[in-house]
Structure formats: structure tokens, C-alpha cells
Amino acid sequence: MLTKFKTLIGLLFVIPTVAAANVSEYQLDNGLKLIVKEDHRAPVVVSQVWYKVGSSYEHNGITGISHVLEHMMFKGTESLGPNEFSQIIAANGGRENAFTGRDYTAYFQTLEKDRLEVSFRLEAERMRKLVIDDAELLKEREVVAEERRMRTEDNPHALVREAFNAMAFVNSPYHHPVIGWMSDINNYEASDLRQWYQKWYAPNNATVVVVGDVEPEAVYTLAKKYFGPLKPETTATVKPQIEVEQRGKRTIEVKAPAELPYMMMGWKVPVVKTIEKEQSWEPYALEMLAGILDGGASARFSRYLVREEEIAASVGVGYGLFSRLADMFVVVGTPSKGHSIADLQRAVMTQIEKLQTELVTEKELKRIKAQVVANAVYERDSVFYQGMQIGMLETIGLDWKLTDEYVENVQVVTAEQVQAVAVKYFKDKGLTVAELVPMPLDGKKSLPAAGGRHGR
Amino acid sequence: MDVRIIGILLSLFAAVSVQASPDIEYWHTDNGARVYFVPAPELAMVDITVAFDAGAARDGKQPGLALLTNAMLNEGAGGLNTDQIAISFEDVGAKFGNSSQRDMAILSLRSLTDKAAFEPALTMFTKVLTKPDFPSDSFQRIQKQMLIGLQAEKQSPRAISSRSFYGNLYGSHPYASMPAGDEQSVSDLTLASLNDFYKQYYVAKNAVIVLVGAIDTAEAKRIAEQLSSGLSTGDSAKSLVEVVPVLQGKTITIDHPSSQTHIVMGQAGISRGDADYFALYVGNHILGGSGLVSQLSNEIREKRGLSYSVYSYFRPMRELGPYQFGLQTRNDQAEEALKVMKNTLMLFSKNGPTDAELVAAKQNITGGFALRLDSNSKIADYLAMIGFYSLPLDYLETFKSKVNAVTVEQIKDAYSRRIHADKMITVLVGGKAE
């Protein structure tokens, strides 16, 4: 605690965080984990059930099965008819939905605080008593196919992203899209889903997160009542599926009807979960590096690539330091009028090289740190987001307390460390580049002159 | 953390919790800006929104003018350039935002309340609001970016359908054009017109200032005064012309090489403060506004698996905003889906909801009312709406009882008078059936 205080004192402002004090953690005998965070600002509660399963648990042939199962979770249980779950939540003034990611599947309801019991009763029911009806599945396959058309097939950027991941990851399951390949979507059998459900939907593979105007012990009692009687499952051991070492730059073109070119560059990098203990600072240094490049309108990409040189119409960074498996540090962008994809890539590389050869300034470091400190306060304006953070960390196998430690860990990153990760990871050897080649939208018109492709 | 500090914070939580809707404090600044304030002492942060009646409805013959003016405010102010402005905010972790839709143009600031953070952020926010320089290099860059944005629209069936829908629905009304303008109008914009636009519309009497956060009334007054005193007094914007509803339905088909057809259908809907607001709002909630449990979702998605997303909503605006329906489906199913959507609307208009449906809708809306106000940012959004559209201060307090008072007959009556399934503007954007 003392060291934490010392770190804080060096800051411009003292973080008014209540830290871990208002979070309570429980485990039921059947293995279900319950985490309750008190937030008494408004008489509401968010209840989230997180399962350790997602697209990164899937193999080829059944890709997207976690996602379609998420859809089927609304289609009836032993005592609930199709869609009845949603109707009951609605009648209780609730809002609900679910989402599937690479590493998790999560279900949530937001309710006035005295309705939490409704959520627990229904979630407990569908945790072990789902009914997967063949006819309902056939319809839902169509709905998911429409979802895929909307999100991916008719969206040139999504097509590029999908091709990019499929090429960058050879044997890591991050290879395939969360929603699944269309051919897999069209061929799920009810028996596939039943097996998947049986395997992963169990109290010992779930974390229940509750945030809001609640009393932790009362929530615990409620959880024991509804989730307590559920039988645990022998869950399968997840294979490590460690990505093979990349031995050189990979490039891919995607041709699709589009007006504007677009590109993605990604380097293989570690994340908090995969990094060895001695290098545990590295993901935080990469996070800082992401901030230096793209942490706001004053960051280097906006300042130099968009405003000063006007090479990019838009350019951004994607790096998430919390995932189950090793991931990528990604730069995406569209060149401005009169510039090519090659120009934009060169400009990005110039910025990367600068990070490798020159130390970032103390001013920039301080600025990113100030933003991280402020964001930690802003994030607490949303009960839902607070629940997200806890649930996501727990589900990928990390401690939820990392949400608090995150701020401290970014605070201590040095300019030397930023340079060190820039040198270590931003090598051509681990680079994947994808490019959207716009094809005419009407099948006739020639390509727009602006931002046309030039040879590399 | 020190145990005593936790104790203090916890007792603070206990003292302020649980209130149905916030007490709104309301006053005018010396030069006539209207101010709405709700204290929220729990988190050491503050949200400030300044909304002007300076959206695209004020573009006149220059679509894109309002948006570009708004986007230019933080590009140069009081002699400082874009970098310096961005650095000032970001050095203290403050978030500056600007946006402009048809009615409202907005500037916003989110900051920690700690003085070392807040004072520099407020100073810069005031500068951006009151002393924009409109530098020409930024103007040219943002103009180019807007043109690229317009190009990007052409690869999005959703954007194409939306543009066509508004154009056909509103004809010669200012709501017809898109806030982003079109290629010709954006290319023709000049710095002079931006300057004039700013001078006319970014004035105190045309402004609503919203504050939500860990500050007291005295501090809120000081902040509002500081923000508004740099603005000219000016006048509030003139009333917009009324929307003349289209007399005949129309179907527009646009070819696009997509695997789905995006369908948008609708008509002129309601304005803010509309007498039929609650009957139509609750009615539509049942028809297509309540997500997975709405009638449309049941017919289109649950029963037939035709679309992932199907919706209908009223967007109440200063004048009649759109009543819009939409879905996306595989090209060869477009006709069928449109038919089901229309049929569902016609049946609903004719029969209204069942008693059970109305009860369920009321339970959903009123039983979840607290969810609308569970964060500072949501409260700030409501205040901006209440202020901008001059809704009564007890709007939130009376919301539930007004919803509860709606009857099946009122919904049927309002739908029969206001909604015309046979006079819809329908836009289909998509490819040929394979």
C-alpha cells in the first residue's frame, strides 16, 4: 500500500479511487465465482454472467459456434419458451443482451436494483437447462447468416480484417472470425450445439459479476439460492495452441467493391497473460507506445500523419493488453487524397523507426499518464463498463484487481522501456500487412484517382 | 488506501443515493444563455455541454456548413494552433468533443474536478468556444476529409439509404440534406461563410449550457458565466419552417453490389413536445422500439429469420423528425421482408396493441426508468435535450405517469391520425438476387 501511495504522489493529481475496497468476491461450492462491486450512485444494478468460452476455443468446421449458441440461449429452456427470457426481463423494466468474443461469452441484464433476483433466476435456469430445438436452430442460422452479411460480407474493412487475422495467425485460434466462416454457419447441427453447451455452460466455468446499488452479502445469498443447486461439469482442458513463430513479413490483398483504399499492419506482440514474469512491464510499455502514437488529437499520428504531412485521412492503433492468447499490435488507416497506401505505410514506419531510435519525451509520457489516470475516474461513470472490466479479466484467467493495478503499471513505464519494446517487437519478421484494393462499385466506372494504389 | 478515506467516501455514497429523478437547477447567464445544472458529487469529475441551435437545419443553401464550422472550433483559437489546443486538454486528461447534427451543434468537455486539471481545461474550452480563429490550412484539410467521408459513404449501403431517405422525405425542407453535405456543397464552402455562421449562431441567446458533476451551484454559476461572457449576446435562431408531409408514397431502388438489401421506410413523425408524443412513443415501443420483444422483431426475426436487426423509431426533433423503419436482408428476400414489415405496421395501425402488450410496454418503460439516469453522461444528455427543446423542468419527473396514462384507444387514435402506411417513403439499396 505504501508503494502505491508513493507512485501516486508523483502525479499531478491524486487519484480519488476507492480501489478494491468496494468489491467483494465469493465462490460457491459448485465452483461458480461471484464478484460484487458496489456503486450506490443510482438505484440500478447490472448483472453479467461470463462463460470461459468463445471463438478461440473453437476449431475449424465449427467456427462461430459459441456465437450461435449465444443466440440459442434466448430460445427456450426446460421451463421457458422461445424468447420468453427476453419478455420477462422486459416486463421487469430490464435491458438485456449478450456478446461473444474470442475469449468469452457474456450475458447481461440492467435492472432497477430490487429486480436482481429475476436475473439470477433466469440465468441459473439457462446455465444448465437450455433446450436446443432443431427448427429454432435452422431459423437462427439464417439470422446469424444475415448478421454476418451485414457485419462482414458487405463491409470492405471487415473483409480485410478477417483476411488479415486469418493470415497473421497460422495455428492460434485467433485465426478465425468470432462470427465464424459462412460455410460453418450454414452447417451447424443441433447436436453440435448441445455438445458445446454441455461442455462449457456450467457453474465452474462461469463468473457472475454484479455492479450497482446492492449489498454484497444479500447478493451472495441470492446467488447461493439460484446458482448453488447447479451441478458442476468436468470441463475440457484447453490446449495451449501457441502460435508458431513468424519467419518473415506476410502481405495480402483483398479486392472488394469500395471507394477508398484501406490498410492494416500488425506486429506479433505479447499481452499481460502471456508475458513472462521478468518482462511483465512489456505490455504496459506497448500500451504507452500505443498512447504516444494514437492517444488523442495531440498524439503523433494525428499530429504528423493527419495534420502536418496530411498523408493519412485517418489512422489509428489497436492494441489490447488483456487477451487469453498472444495478440497483435495493429495500425489501420486510409491515405488522404493524392497519397497511396505505400505512402501511408512508409509514414507509419517512419514513426515506428523514430520510436526505435529516439526516446519519447517526458512531456508525452506525462500526458499519456494523465489521460490514463483521468480515464480511470471517467470509467466509473458507467456501471456496465465497470462490470465489463471485472468480467473480462476474470474470464481470460487474470485477476480483476488488475483494473486498479493497470493505472499504476502504466504510471511507472519509462521512455527507455517504450524504446525497448519498439526495438524488440516492431520487426519485419513478425509483420503482417493487408491492403484493400477498391473495385468499382457499379462494375463499370474506373477506380477513383485519389488514393490509388502505387507499387510497393 | 487510507481506511478513513474509504469511510468518508462510503458515507458520502450513502448520503446522496436513491432519488427518482435529479433536481435540475436552471438559470440564465448575464447575457442570456440558458443553464441547466445537476450536482453529482460522487465522482471527482464534471461534464459540460454547450449546445447551440446551429445544426445542419441552419445550413441554408450550403449543406455541410454547420458541420464544418463546428469541426473548425478546436483547430485554432486565441492565437493557439490545433496542436497546442489538443495538448492543453490532453495534458490534464480532459476530453474535448464537438459534433453537429440537424438541430443541435455541440461542444463538450469532460474533466477531473481537481483544480490542477480543471482550470487549464476550462480556460482552453472557453477559448475554443469564444475565440476560434478558423485557420485556413485547417479549413482546407477538414474540407478534404469531409470529401473523403462522402466518398466512404458510397461504399456503405446503410449510408446510401439514409441519404436517399432524408432527401425524399423532406424535399425542400432544411432537414432534407445531410449534415455532412454533398460533394459540390462542401467543395464550395468558404472560410468567410464559416465565420459568418459562427457569428450568427454561436451566441449566448442561442446557447444552452449543461453542467453535471462534483461541483456546487456557486461553481456552476461561475463556470457558466465564464463560458457565456465571451460569446456575443446575439439572438436565438429563428423558427424553422414546418415540415409538409409527403402526399404520396414513393419507392426508390438503388443498385449496390452488396449481398443484402438495406431497407429504410418511413414518414414525417413527431416534434419534441408534440401533443401525441406519449401515445406514439409507447405505441412504437410495442411495434418496433423494444428490441427483441417488439412485434416487428417477432415477425421478421423470431418467426421468419429474415433479418438480424429490424427496428422502428421516432426521432423527435425541433420540427417533425422522421418515423423510420429499417432492416437488412439477403437480396432475394427483400420483397418478402418489406411486405411483412408493412403488414405489421398496417395491422398495428388498425388494431392497436392488445391490453397485455400495453401493460408489458408500460412495465418495461417505467420499470426501467432509473436506467435512463444512472450515469452523469446520461443525465447530461437529458439536460441538453430538455434545455434545447425548452421542455418543462419536470419532464423527467412526470415521464412515468405520462407513460402510464396512455391507453390503447389513444394509441389507435394517434396512429390513425398521424401514421400512414400507404404514404411511406421506401428506399431499397442492394444487389440483384443471386
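Everything quoted here is computed from the prediction, not taken from an experiment. (Residues numbered from 1 in each chain as written. Chains lettered and ligands numbered in written order. Predicted model: local features only at pLDDT ≥ 70, side-chain atom pairs only at ≥ 80, totals over all residues.)

## Overview of the overall build of chain B
- Across its full length, chain B carries 16 helices and 13 strands.
- Each principal axis of the C-alpha distribution contributes one length, and for chain B these read about 60 × 55 × 40 Å.
- Classification of the 434 residues of chain B by burial places 53% in the buried group.
- Across chain B, the fraction of contacts at a sequence separation of at least 24, relative to all contacts at a separation of at least 6, is 82%. (Helix = DSSP H or I, 4+ residues; strand = E, 2+ residues; numbered from the N terminus. Buried ≥ 20, exposed ≤ 12 C-beta atoms within 10 Å, placed from the backbone. Contact = placed C-beta atoms within 7 Å.)

## A closer look at the sheet that holds strand β6 (residues 95–100) of chain B
Residue and element names in this part refer to chain B.
- Here we have 6 strands laid out as an open sheet, ordered β1-β2-β8-β3-β7-β6, and mixed in their pairing. Each end of this open sheet is capped by a strand with a single partner; those strands are β1 (25–28) and β6. The average undirected angle you get between the axes of adjacent strands in this sheet is 15°.
- Direction of pairing for strand β2 (residues 34–39) relative to strand β8 (residues 207–213): parallel, over a ladder of 6 bridges. What sits directly across from valine 38, in β8, is valine 212. (Pairing = 2+ DSSP bridges. Axes fitted to C-alpha atoms, helices over the stretch in contact; angles between N-to-C directions.)

## Observations concerning the domain arrangement of chain B
Residues and elements named next belong to chain B.
- Structurally, chain B comprises domain 1 (22–229) and domain 2 (250–430).
- Placing a centre on the C-alpha atoms of domain 1 and another on those of domain 2 gives a separation of 28 Å.
- Across the contact, 29 residues belong to domain 1 and 28 residues belong to domain 2.
- Listed by contribution, the elements that provide at least two residues to the side of domain 1 that touches domain 2 are β2, β3 (45–52), α6 (157–170) and β8.
- Sorting elements by how many residues they give to the side of domain 1 that touches domain 2 places α6 first, with 9 residues.
- Each residue belonging to the side of domain 1 that touches domain 2 can be placed in one class, and the counts come to 18 nonpolar, 6 polar and 5 charged. (Domains from an automatic or database assignment. Nonpolar A, V, L, I, M, F, W, Y, C, P; charged D, E, K, R; others polar.)

## Structural notes on the interface of chain B and chain A
- Taken together, the contact pairs 61 residues of chain B with 60 residues of chain A.
- In terms of residue class, the side of chain B that touches chain A is made up of 26 nonpolar, 22 polar and 13 charged.

## Topic: the confidence of the model for chain A
Residues and elements named next belong to chain A.
- Residues with a pLDDT of 70 or more make up 92% of chain A, whose mean pLDDT is 93.
- The low-confidence segment residues 1–19, where pLDDT is below 50, has 26 contacts with residues more than four positions distant or belonging to other chains.
- Low confidence marks residues 445–456, where pLDDT is under 50. Its contacts with residues over four positions away, or in another chain, come to 21 contacts. (pLDDT = per-residue confidence, 0-100.)

## Some words on the packing of helix α13 (residues 355–367) of chain B against helix α15 (residues 395–405) of chain B
Residues and elements named next belong to chain B.
- In contact at an axis separation of 10 Å, α13 and α15 are set at 180° when each is read in the N-to-C sense. For the element pair α13 / α15, the angle class is roughly antiparallel. On α15, the residues that touch Lys362, Ile365 and Thr366 of α13 are Lys400, Val403 and Asn404.
- For the contact of α13 with α15, the per-class residue count stands at 2 nonpolar, 2 polar and 2 charged. (Parallel < 35°, antiparallel > 145°, perpendicular 65-115°, else oblique.)

## Brief notes about the pairing of strand β10 (residues 327–335) of chain A
Residues and elements named next belong to chain A.
- Counting buried residues in β10 gives 9 out of 9 residues, a clear majority hidden from the surface.
- Direction of pairing for strand β8 (residues 262–269) relative to β10: antiparallel, over a ladder of 7 bridges. Across the sheet, methionine 263 pairs through a bridge with glycine 333, a residue of β10.

## Things to note about the environment of isoleucine 411 of chain B
- Mapped onto the fold, isoleucine 411 of chain B is located in helix α16 (residues 408–418).
- Setting aside anything within four residues of it in sequence, one finds isoleucine 411 of chain B in contact with Ala279, Val282, Gly283, Gly352, Pro353 and Val406 of chain B.

## Describing the environment of methionine 146 of chain B
Residue and element names in this part refer to chain B.
- Looking at the element boundaries, methionine 146 is found in helix α5 (residues 136–153).
- Accessibility expressed as a C-beta count within 10 Å gives 21 for methionine 146, which makes it buried.
- Between the alpha carbons of methionine 146 and glycine 64 there is a distance of 8.7 Å; along the sequence they are 82 residues apart.
- When near neighbours in sequence (up to four residues on either side) are disregarded, methionine 146 contacts Gly64, Leu68, Ala180, Gly181 and Val186.

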